[in-house]
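The lines below spell out each chain.
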Amino acid sequence: MTTLTLTPGAVTLDDLAEIFWNEASVRLDPACHPAIELAHSRIAKAVAGTDAVYGVNTGFGKLASVKIESKDTATLQRNLILSHCCGVGPAISRRHARLLMALKLLSLGRGASGVRLEVVTLIEAMLDKGVTPVIPAQGSVGASGDLAPLAHMAAVMMGHGEAEFDGQVMSGDKALKAAGLTPVELGPKEGLALINGTQFSTAFALAGLFGAWRAAHSALVTSALSTDAIMGSTAPLQPEIHALRGHPGQIEAGETMRALLAGSEIRDSHVVDDARVQDPYCIRCQPQVTGAAMDVLRMAARTLEIEANAATDNPLVLIEADLIVSGGNFHAEPVGFAADMIALAIAEIGAIAQRRVALIVDPVLSFNLPPFLTPNPGLNSGYMIAEVTTAALMSENKHLANPCVTDSTPTSANQEDHVSMAAHGARRLGQMIENLNRILGVELLCAAQGIDFRAPLTTSETLQRVVARVRRDVATLGQDRYLAPDLERAAVMIAEGDIVAATGVAMPGVAA
């Protein structure tokens with residue numbers, strides 16, 4: 001297993017993608033340790049003093065005015081974690097949980113949280129040994145931090161709750177012992193530092209970003225294949241068109257599609273004397289639509305990269321000012337906005353792809369392909385209902401794309417009276433990406449079938465490799481057969497990036 005050494009404040013999207021996709025272990029750069037220890041010493045000083053410091057020697061939320069005796073500060077943190085373990089619903093995936101833990105490390109590593117180094121090294125060891133807290137998916141409103149889900153993480157560190165280890169779910173205490181680790185007794189502010197923060201929302205938003213970007217790459221491939229299948233024009237891919245508008249995503253999408261289609265016999269066969277003047281928008285405007293979605297994803301990516309490197313708990317230790325100050329960095333509004341942006345991009349990539357599926361199965365619009373791409377229409381229905389499925393998925397994603405960040409509600413006796421709803425705003429992205437991958441999977445099958453019907457003319461060598469990759473898992477459709485497994489295999493090829501890899505074409509980067 002790869003171990004990444006991360007510098008808090010300077011971690012990249014590539015680092016975070018490596019943690020998510022490959023479940024890399026994480027250690028903080030030791031250069032950040034002195035700042036962590038210095039902030040902890042400032043908290044220790046506050047404990048020994050008489051001034052009220054939120055979360056150190058006071059209650060929490062609406063109970064912040066209640067002063068806590070110094071002898072009870074450890075009990076205060078224990079009670080905080082256990083009382084906040086109120087998550088419900090199914091457990092999040094191991095990938096998401098590990099990314100969440102890495103993000104919490106990065107936040108603590110900024111040296112503004114006041115925890116002991118022992119807390120940091122325990123999270124590092126849990127990632128290294130494979131102790132993954134069981135974290136319910138529901139219960140956070142995205143302020144004041146992702147309290148419930150992060151409490152389930154912290155509970156395992158204390159030997160409570162549940163964790164997965166070596167493929168089995170067991171108590172947190174047993175999981176730690178099985179891995180050769182020792183539970184930590186949380187000191188002043190440490191429980192608060194662990195549960196105040198946006199790491200749940202940010203982990204899911206990042207996962208949504210990574211999946212959406214991979215899908216955008218696949219959409220460029222499937223759209224190029226569809227363009228050739230319906231004998232569409234490549235004239236709208238002229239680079240001057242896109243340069244005159246200037247949007248980077250549009251320029252890159254057009255450039256990528258040109259590279260994918262270069263050398264196609266199918267295209268060369270109808271450059272001259274084609275009675276059609278223009279293709280429908282779903283073919284002609286793919287660079288403008290998916291390119292715009294790529295630009296939106298990049299905007300969200302920048303927000304999430306900043307958030308991943310941020311200190312987001314409360315209060316924060318400001319060493320240079322010698323202050324411990326209550327603020328609001330736990331409010332996940334930036335993450336909520338980013339998640340809504342990603343949702344819009346996912347919905348639009350799927351919407352235009354679905355129209356290409358509808359186009360390619362329609363003999364009126366597909367330029368002489370057989371109805372529903374079956375060689376014997378009437379007796380056979382071909383991809384008729386596969387197209388209907390894409391319509392259902394497209395519509396579902398449109399509804400899921402409605403903004404979540406605008407839906408605030410007061411909580412905690414009106415002390416936390418505006419919240420971001422970033423947690424479920426980010427969590428819905430997983431379902432949306434599954435839907436999008438299935439839409440693109442159906443387009444992949446339909447486009448490959450259309451290319452088969454154009455024989456003996458061939459598509460570009462690049463796209464021939466894509467069709468060959470499809471045919472390894474899904475045979476050309478002749479007589480009607482049980483199609484559900486075909487659709488699932490195609491969705492997997494999209495989700496895992498297989499068809500993009502088959503092209504050998506360099507794809508745009510999310511951080512470009």
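Residues numbered from 1 in each chain as written. Predicted model: local features only at pLDDT ≥ 70, side-chain atom pairs only at ≥ 80, totals over all residues. Heavy atoms only, no water.

This paragraph deals with the overall build of the protein. Secondary structure assignment for the protein yields 20 helices and nine strands. Over its C-alpha trace the protein gives a radius of gyration of 26 Å, about what one expects of a compact globule, namely 24 Å for 512 residues. Each of the 512 residues in the protein was classed as buried or not, and the buried ones make up 56%. Within the structure as shown, the protein displays about 20,200 Å² of accessible surface, and the carbon and sulfur contribution to it stands at 55%. Looking at charge distribution, the protein has the averaged site of its 38 positive side-chain charges lying 2 Å from that of its 53 negative ones. (Helix = DSSP H or I, 4+ residues; strand = E, 2+ residues; numbered from the N terminus. Rg over C-alpha atoms; globule rule 2.2 N^0.38 Å. Buried < 20%, exposed > 50% of the residue type's maximum accessible area, 1.4 Å probe, protein only. Areas by Shrake-Rupley, 256 points an atom, 1.4 Å probe, with all protein chains shown as cover. Lys, Arg positive; Asp, Glu negative; His and termini not counted. Charge placed at Lys NZ, Arg CZ, Asp CG, Glu CD.)

Time to look at the sheet that holds strand β4 (residues 132-133). Pairing in this open sheet of three strands is antiparallel, and the strands run β4-β6-β7 from one edge to the other. The two strands at the open ends of the sheet, each matched to only one other strand, are β4 and β7 (168-171). Two elements, strand β6 (residues 162-165) and β7, share four bridges in a ladder whose sense is antiparallel. Bridge assignment links A163 to a residue of β7, and that residue is M170. (Pairing = 2+ DSSP bridges.)

We now examine the layout of surface pockets. Roughly 630 Å³ of internal volume is contained in the largest pocket. Residue assignment for the lining of the largest pocket shows that the elements contributing at least two residues are α1 (13-22), α4 (94-108), α9 (199-229), α17 (422-453) and α19 (484-495). When residues of the lining of the largest pocket are assigned to their parent elements, the largest contribution, nine residues, is made by α17. Classifying every residue of the lining of the largest pocket by side-chain character gives 11 nonpolar, seven polar and seven charged. Roughly 290 Å³ of internal volume is contained in the second largest pocket. Lining the second largest pocket are 15 residues, with W21, F210, W213, R214 and H217 sitting closest to its centre. Sorting the residues of the lining of the second largest pocket by element identifies α1 and α9 as the ones contributing at least two each. Among the elements that make up the lining of the second largest pocket, the one with the highest residue count is α9 (five residues). A class-by-class count of the residues in the lining of the second largest pocket yields nine nonpolar, three polar and three charged. (1 Å grid on protein atoms, 1.4 Å probe; cavity = no way out; pocket = protein on both sides within 12 Å on 5 of 7 lines; lining within 4 Å. Points joined across faces, edges and corners; volume = space filled by probe spheres on them. Nonpolar A, V, L, I, M, F, W, Y, C, P; charged D, E, K, R; others polar.)

Before going further, it helps to spend a moment on unusual backbone geometry. Keep in mind that most residues, glycine aside, have a negative phi and that most peptide bonds are trans. Here A143 and S144 are connected by a cis peptide whose omega angle stands at 5 degrees. Inspection of the secondary structure puts S144 in the loop between β5 (136-138) and α6 (147-157). Backbone geometry at K189 places phi at a positive 70 degrees, although glycine is not the residue there. With a phi angle near 55 degrees, A413 is a residue other than glycine that sits in the positive phi range. Among the structural elements, A413 can be located in the loop between α16 (384-400) and α17. Here A413 falls in the exposed class, since its relative accessible area comes to 51%.

What follows deals with the pairing of strand β2 (residues 25-28). Pairing of strand β1 (residues 3-6) with β2 involves four bridges; the strand directions are parallel. Looking at β2, one finds that T5 is bridged to R27. Note on the crossover from β1 through α1 to β2: the handedness is right-handed. (Right-handed = clockwise from strand over helix to strand, strands pointing away.)

As for its placement among the helices and strands, G9 is situated in the loop between β1 and α1. Once the C-alpha coordinates of G9 and R110 are considered, the two residues, 101 residues apart in sequence, prove to be 6.9 Å apart. The contact partners of G9, leaving out residues within four places of it in the chain, are R110 and N309. (Contact = heavy atoms within 4.5 Å.)

If you walk through the whole model with that rule in mind, you get three aromatic pairs. On the numbers, 5.1 Å between centres and 65 degrees between planes, the contact of F20 with W21 is edge-to-face. Taking the relative accessible area as the measure of exposure, W21 reaches 23% and is therefore partly exposed. Linked through ring pairs, F20, W21 and F210 together constitute an aromatic cluster. Over the ring of F20 we find R95, and its NZ or CZ is 5.6 Å from the ring centre. Taking NZ or CZ as reference, R276 lies 3.6 Å from the ring centre of F367, over its face. (Phe/Tyr/Trp six-rings, centres within 6.5 Å; stacked < 30°, edge-to-face > 60°. Lys NZ or Arg CZ within 6 Å of the ring centre and 35° of its normal.)

Now for the side chain of N435. Looking at the element boundaries, N435 is found in helix α17. In this structure, N435 is in contact with L393, E396, N397 and L400, ignoring residues within four places of it in sequence.

Together, L318, L323 and V325 make up a nonpolar patch on the protein surface, roughly 220 Å² of accessible area in all. Structurally, L323 can be placed in strand β9 (residues 323-325). (Patch = residues over 30% accessible without salt bridge, like charges linked within 9 Å, V, L, I, M, F, W, Y side chains within 5 Å. Salt bridge = Lys/Arg side-chain N within 4 Å of Asp/Glu carboxyl O.)

The next subject is the nonpolar core. A general trend in soluble globular proteins is that nonpolar side chains are found buried together. Ranked by size, the top nonpolar core spans 153 residues in total, and within it L16, V131 and L209 carry the most contacts. Looking at this core, the element that brings in the most residues is α9, giving 18 residues. Once residues lying within four places of it in the same chain are set aside, the contact partners of L209 are L13, L297, A301, L304, I342 and V510. If you look at the next biggest cluster of nonpolar residues, it comprises seven residues, including A46, V53, V56 and V317. (Core = buried A, V, L, I, M, F, W, Y, C linked by side-chain atoms within 4.5 Å.)

Attention shifts here to the state of the cysteines. Taken as a whole and assessed by the stated rule, the structure comprises zero disulfides. Its sulfur unpaired, C282 is 9.0 Å from the next cysteine sulfur, which belongs to C285. Taking relative accessible area as the criterion, C282 reaches 8% and is therefore assigned buried. We note that C446 lacks a disulfide partner, and the nearest cysteine sulfur, in C282, lies 12 Å from it. Exposure remark for C446: the relative accessible area of 0% places this residue in the buried category. (Disulfide = S-S within 2.5 Å.)

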